[in-house]
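For reference, the chains in residue letters:
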Amino acid sequence: MPVRNLCLRCRRPESACYCAQLPPPLETRTRVVFLQHPRERRVAIGTARMARLALNNAELHEGVDFTGHARIEQLAAKPESVAVLFPGENAITVEEARENPPETIIVVDGTWPQAKKVVSRNPLLASLPRISFVPRRPSNYRIRSEPADHCVSTIEAVVEMLGILEGDPARFDTMLKAFEYMVDTQLERQSQRTTPNRRRIYFGPWRPPLELRALADSFEKLVVFYGEANAHPSGTDIPSELVHAVACRPATGERFEAVIAPELPLARSTPLHVELSEEVLLAGEPRAQALARFEAFLRPDDELAVWTTFALDLLWAGGVTRRPARNVRLATARALKGKAGGVEQAMELLRGPDVPQWAPGRAGRRIRALESVVRELVARGNATEPPQKLLRTGTDG
């Protein structure tokens, strides 16, 4: 039997390496310490190592009995600053822990019987405070059986925990790209397999990709946003500023538009690329007034849906209160299983519902396309069958 070359970083066969799907190691206030059951280390589809590679402030130790383990004893000596992510009678929620966040979270990696064994075999772990959580969504671990709907893989648990604890779920959701890639790759290869399985693999029910399900779950509070800038050529040291802002709430049909008078010199190319005349731009409303109107348009729990982060940067630079945002381009790439291109191209490729153009200029065309894309992705996120079995007319929302 030929020997498969392994990636030395993720320890997966090179043909199934997920390293390219990992984000640059994320910085966190919280240190995450993984305690991995030795049997879990040999499981090719385990996720603790994946989570460790995605986090800069993390470490991984292998074993069952950590009695005398210098590092674990060092951590346990400060019970006020460390907690174990594990359910229990006296466990507090992650939301409660956020009020007085621990410096370190210990995460036990293994099957539920293995994880329980690790905790029970180590009095130091059993004596530490515990944190539990209710996941935002069911596990997407379709290649491995979980004992209950509320159970998730190690990387999904860490993403949930850090997202709540550090108040930035969208940033930590980027860790799941490698996880989704691993799951999809495993399922695709299994479906193409012509020889008997080397081991029994659990196949869960088909579900849409995580990014599409997340959009669908958030539909009622999504605000689709697009912004145009007064942007000078690089090297001029003049920052970009928002001059045309458009937004809509697909769930209710509410819309927002503001043409904002530039406070900096108007770049020659700005009227051309935003497709609004110089006169219209210079006659726009004051920036503070426009952004105050947008703040009033937003609800406390709204999430922004954008095609690129550039639009968000313009908002934050203008002083709009930061809030969760969703990357529609990433979700589109998952739906298309390839590069998404521009938002107008994506609308054509997805064949989403027809949406009327209600605002002028390039922003009007692009908010129309973005709303169409979001509606189509939400429809796919709510689907119960794979896309090739969907009978879509291109007009339903």
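Nothing here was measured: the structure is a model prediction, and the numbers come from that model. (Residues numbered from 1 in each chain as written. Predicted model: local features only at pLDDT ≥ 70, side-chain atom pairs only at ≥ 80, totals over all residues. Heavy atoms only, no water.)

A. Region of the structure containing the overall build of the chain. Each helix and strand counted, the chain has 17 helices and 11 strands in total. Taken across its 397 residues, the chain has 51% of its residues classed as buried. For the chain, long-range pairs separated by at least 24 residues make up 69% of all intrachain contacts whose partners lie at least 6 apart in sequence. Total accessible area on the chain stands at roughly 20,100 Å², and carbon and sulfur atoms take up 51% of it. (Helix = DSSP H or I, 4+ residues; strand = E, 2+ residues; numbered from the N terminus. Buried < 20%, exposed > 50% of the residue type's maximum accessible area, 1.4 Å probe, protein only. Contact = heavy atoms within 4.5 Å. Areas by Shrake-Rupley, 256 points an atom, 1.4 Å probe, with all protein chains shown as cover.)

B. Region of interest: the pairing of strand S3 (residues 82–85). Of the two faces of S3, the one holding Val 82 and Val 84 and the one holding Ala 83 and Leu 85 are both buried throughout. Of the pairings in the sheet, the one linking S3 to strand S5 (residues 104–109) comprises 4 bridges and is parallel in character. Residue pairing for S5: Leu 85 is matched across the bridge by Val 107. As paired elements, S3 and strand S6 (residues 130–132) share 2 bridges and run parallel to each other. Bridging from a neighbouring strand, Leu 85 pairs with Ile 131 of S6. (Pairing = 2+ DSSP bridges.)

C. Representation of the pairing of S5 within the structure. The element S5 is extensively covered by neighbouring structure, given that 6 of its 6 residues are classed as buried. The side-chain alternation of S5 yields two buried faces, one formed by Thr 104, Ile 106 and Val 108 and the other by Ile 105, Val 107 and Asp 109. Examined bridge by bridge, strand S1 (residues 31–36) and S5 share 6 bridges and lie parallel to one another. Residue pairing in the sheet places Val 33 in a bridge with Ile 106 of S5.

D. Layout of the pattern of salt bridges. Evaluated as defined, the whole model comprises 19 salt bridges. For Asp 302, the salt bridge goes to Arg 249, with nearest N and O atoms at 2.5 Å. You can see Asp 302 sitting in the loop between helix H13 (287–297) and strand S10 (303–306) and its partner Arg 249 sitting in strand S8 (residues 241–249), a full 53 residues away along the chain. For Asp 302, a relative accessible area of 1% corresponds to the buried category. Within this structure, Arg 249, Glu 254, Arg 299 and Asp 302 form a network of salt bridges that share partners. (Salt bridge = Lys/Arg side-chain N within 4 Å of Asp/Glu carboxyl O.)

E. Structural detail: a positive patch on the surface. On the surface, Arg 39, Arg 42, Lys 117 and Arg 121 cluster together into a patch of positive charge. Inspection of the secondary structure assignment puts Lys 117 in helix H5 (residues 112–121). Lys 117 sits in the partly exposed class, given a relative accessible area of 40%. (Patch = residues over 30% accessible without salt bridge, like charges linked within 9 Å, V, L, I, M, F, W, Y side chains within 5 Å. Lys, Arg positive; Asp, Glu negative; His and termini not counted. Charge placed at Lys NZ, Arg CZ, Asp CG, Glu CD.)

F. The nonpolar core, seen in detail. Residues Leu 55 and Met 175 are the most contacted members of the largest nonpolar core, which totals 41 residues. Going through the elements one at a time, S1, helix H2 (48–54), S3, helix H4 (94–97), S5, helix H7 (154–165) and helix H9 (176–192) are the ones with two or more residues in this core. Non-local contacts of Leu 55, meaning those with residues more than four positions away in its chain, are made with Pro 25, Leu 26, Thr 28, Val 32, Val 158, Leu 162, Phe 172 and Met 175. Counting 29 residues, the second-largest nonpolar core is a separate cluster that includes Leu 222, Val 328, Ala 346 and Leu 350. (Core = buried A, V, L, I, M, F, W, Y, C linked by side-chain atoms within 4.5 Å.)

G. Molecular detail of the state of the cysteines. Counted under the stated rule, the structure contains 0 disulfides. Unpaired in terms of disulfides, Cys 7 finds its nearest cysteine sulfur in Cys 19, a separation of 3.7 Å. Cysteine Cys 17 remains unbridged, with the sulfur of Cys 19 as its closest cysteine sulfur at 3.6 Å. By relative accessible area, Cys 17 is classed as partly exposed at 23%. (Disulfide = S-S within 2.5 Å.)

H. How the structure looks around the sheet that holds S8. Spatial strand order, S9-S8-S7-S10-S11: 5 strands in an open sheet with mixed pairing. Edge positions in the sheet fall to strand S9 (254–259) and strand S11 (325–327), since each has one partner strand and no second. When the angles between neighbouring strand axes are averaged without regard to direction, this sheet yields 25°. Sheet topology places strand S7 (residues 222–230) next to S10; 3 bridges connect them, and they run parallel. Across the sheet, Val 223 pairs through a bridge with Leu 304, a residue of S10. Strands in contact with H13 are S7, S8, S9 and S10; relative to S9, the strand with the most contacts, it is inclined by about 170°. Relative to the sheet, helix H15 (residues 328–336) contacts S10 and S11, its axis offset from that of S11 by approximately 35°. (Axes fitted to C-alpha atoms, helices over the stretch in contact; angles between N-to-C directions.)

I. Examining the sheet that holds strand S2 (residues 58–62) more closely. Strand order in the open sheet formed by 6 strands is S2-S1-S5-S3-S6-S4, with parallel pairing between adjacent strands. The strands lining the two open edges of the sheet, one partner per strand, are S2 and strand S4 (92–93). Strands S1, S3 and S5 of the sheet are contacted by H7, whose axis makes an angle of about 160° with S5.

J. Fine view of the environment of Glu 89. Mapping Glu 89 onto the fold places it in the loop between S3 and S4. Put simply, Glu 89 and Arg 130 are 41 residues apart on the chain and 9.0 Å apart in space, counted from C-alpha to C-alpha.

K. Looking closely at the packing of H15 against helix H16 (residues 343–350). The geometry of H15 relative to H16 is characterised by a closest axis approach of 11 Å and an angle of 35° between their N-to-C directions. Regarding H15 and H16, the two cross each other, and that crossing is left-handed. Along the contact surface, H15 presents Thr 332, Ala 335 and Leu 336, while H16 presents Ala 346, Leu 349 and Leu 350. Taken together, the residues that form the contact of H15 with H16 break down as 5 nonpolar, 1 polar and no charged. (Left-handed = near helix turned anticlockwise from the far one by under 90°. Nonpolar A, V, L, I, M, F, W, Y, C, P; charged D, E, K, R; others polar.)

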